Amino acid sequence: MRRRNFITTAAIGSAGLASASAMASSQSPSKEFKLKGNINHSVCEWCFNDIPFEEFLQTLNELGVKAIDLVGPDKWPLLKKYDIHCSMCNGAEIGLAEGWNNPKYHEQLIKNYTEMIPKVAEAGYTNLICFSGNRNGMNDYVGLQNCVDGLSQIMPLAEKHGVVIQMELFNQVNHPDYMCDSSIWGVELCKHLGSDNFKLLFDIYHMQIQEGDIIRSIQNYHPYFGHYHTAGVPGRHEIDETQELYYPAIIKAIHATGFKGYVAQEFIVTWEDKIEALKDGFMRCDI
């Protein structure tokens, strides 16, 4: 066989196998779903919001998954009904772009968080999300100090009620100009605040795009990470063989730090069967 013909034939064969493999991994139903109990699993509600909320909670009960992310007080009664924990509360923030780095939002944010923190505690929850806001030409050091000045005014209340305020890290591709876009900046904010009740929500998808070296970041900065989100890169889809991150190794690295918080699935589903996709994600993160 001539070399050129061999290469062409081999390439076509490899592409066919890769395509078949990807299709099989992304569409085949799981054979057995049984969680080991070493990881506290959660899922972000917005990724499955085309499923009626109560029906989705019933499904989580069937799967033995006891937590859900990014749910506000209006839906907490349903969580209580189905004994599902809100592992990351929202509802106090203004928006991703309008955050703690800009003093003009401090008055409203302080009011919002002062009202929400006791509600979170009363409901029996712990984590409450927050955002840095966009730079809008602001120096990162100035923005960091502005965050410290604003957040310092709510941290005593958070500490009193045992609520952990968690600032999420985002990448610059999906969220251009967002200030809290690196582990280092976020860790510096944690150090300046000096409170165990302020942590970072380490979104693995965002930080793979923004800085990479995910496992090293987890090993180096894990005391400052209070929560994790998962998704595939590229595309924020399923965390299977179609993407570049190997989640079993990442989850093992998280577990090795002694982390006792939650790992929440936050991928946009492409599979026809969304629950099978979710089950597959949980299993890949179950060690």
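Basis of the calculations
- Residues numbered from 1 in each chain as written.
- Predicted model: local features only at pLDDT ≥ 70, side-chain atom pairs only at ≥ 80, totals over all residues.
- Heavy atoms only, no water.
- Phe/Tyr/Trp six-rings, centres within 6.5 Å; stacked < 30°, edge-to-face > 60°.
- Buried < 20%, exposed > 50% of the residue type's maximum accessible area, 1.4 Å probe, protein only.
- Lys NZ or Arg CZ within 6 Å of the ring centre and 35° of its normal.
- Helix = DSSP H or I, 4+ residues; strand = E, 2+ residues; numbered from the N terminus.
- Pairing = 2+ DSSP bridges.
- Right-handed = clockwise from strand over helix to strand, strands pointing away.
- Contact = heavy atoms within 4.5 Å.
- Salt bridge = Lys/Arg side-chain N within 4 Å of Asp/Glu carboxyl O.
- Disulfide = S-S within 2.5 Å.

Named according to an unreviewed UniProt entry, the chain is Hydroxypyruvate isomerase originating from Flagellimonas zhangzhouensis.

Draft legend 1. A look at the packing of aromatic side chains. Summed over all chains, the structure comprises 11 aromatic pairs. Ring geometry for Phe-225 versus Tyr-228: centroids 6.1 Å apart, planes at 90°, classification edge-to-face. For the pair Phe-225 and Tyr-228, one class covers both residues: buried. One aromatic cluster in this structure is built from Phe-202, Phe-225, Tyr-228 and Phe-259. Positioned above the aromatic ring of Phe-53, the side-chain terminus of Lys-75 is 4.6 Å from the ring centre.

Draft legend 2. Up close: the pairing of strand β3 (residues 85-89). Judged by how many residues are buried, β3 sits mostly within the fold: four of five residues are covered. With four bridges connecting them, strand β2 (residues 67-71) and β3 associate as parallel partners. Paired with Ala-67 across the strands is His-85, a residue of β3. Handedness of the crossover is the feature at issue here: the chain leaves β2, passes through helix α3 (residues 76-81), returns alongside β3, and the resulting connection is right-handed.

Draft legend 3. Examining the environment of His-222 more closely. Along the polypeptide, His-222 turns up in the loop between α9 (214-221) and β7 (225-230). Since its relative accessible area comes to 27%, His-222 is described here as partly exposed. C-alpha separation for the pair His-222 and Gly-258, spaced 36 residues apart in sequence, amounts to 9.2 Å. With residues up to four places along the chain from it excluded, the contact list for His-222 reads Ser-217, Tyr-228 and Thr-257.

Draft legend 4. Layout of the environment of Ile-250. By the element assignment, Ile-250 lies in helix α10 (residues 247-256). Residues Ile-250 and Ile-215 lie 35 residues apart in sequence; the distance between their C-alpha atoms is 6.0 Å. If near-sequence neighbours (up to four positions away) are discounted, Ile-250 is found in contact with Ile-204, Ile-214, Ile-215, Ile-218 and Leu-245.

Draft legend 5. Examining the pattern of salt bridges more closely. Under the criterion given, the structure shown has 14 salt bridges. Of the charged contacts, one joins Lys-279 and Glu-276 as a salt bridge, the two residues approaching to 3.1 Å between their closest N and O atoms. Residue Lys-279 and its partner Glu-276 are both found in helix α11 (residues 274-284); the two are separated by three residues, about one turn of the helix. For the residue pair Lys-279 and Glu-276, the accessibility class agrees, reading buried in each case. Of the charged contacts in the structure, one is a salt bridge between Arg-284 and Asp-280, with a shortest N-O distance of 2.6 Å. Of the two residues, Arg-284 and Asp-280 are both situated in helix α11; the distance of four residues between them amounts to about one turn of the helix. Asp-280 sits in the buried class, given a relative accessible area of 16%. In the salt-bridge network here, residues are joined through shared partners; they are Arg-135, Asp-140 and Asp-181.

Draft legend 6. Main features of the state of the cysteines. Applying the stated criterion across every chain yields a total of zero disulfides. Here Cys-86 is not cross-linked by a disulfide; its sulfur's nearest cysteine counterpart is in Cys-89, at 3.6 Å. Relative accessible area serves as the criterion here: at 0%, Cys-86 is assigned to the buried category. Among the residues examined, Cys-89 registers a relative accessible area of 0% and is labelled buried.

Draft legend 7. View of unusual backbone geometry. Residue Pro-234 is bonded to the preceding Val-233 through a cis peptide linkage, with omega at 5°. Of note in this structure, Asp-177 is not a glycine but carries a positive phi near 85°. Looking at where Asp-177 falls in the secondary structure, it is placed in the loop between β5 (164-168) and α7 (183-193). On the basis of relative accessibility, which here comes to 26%, the residue Asp-177 falls in the partly exposed class.

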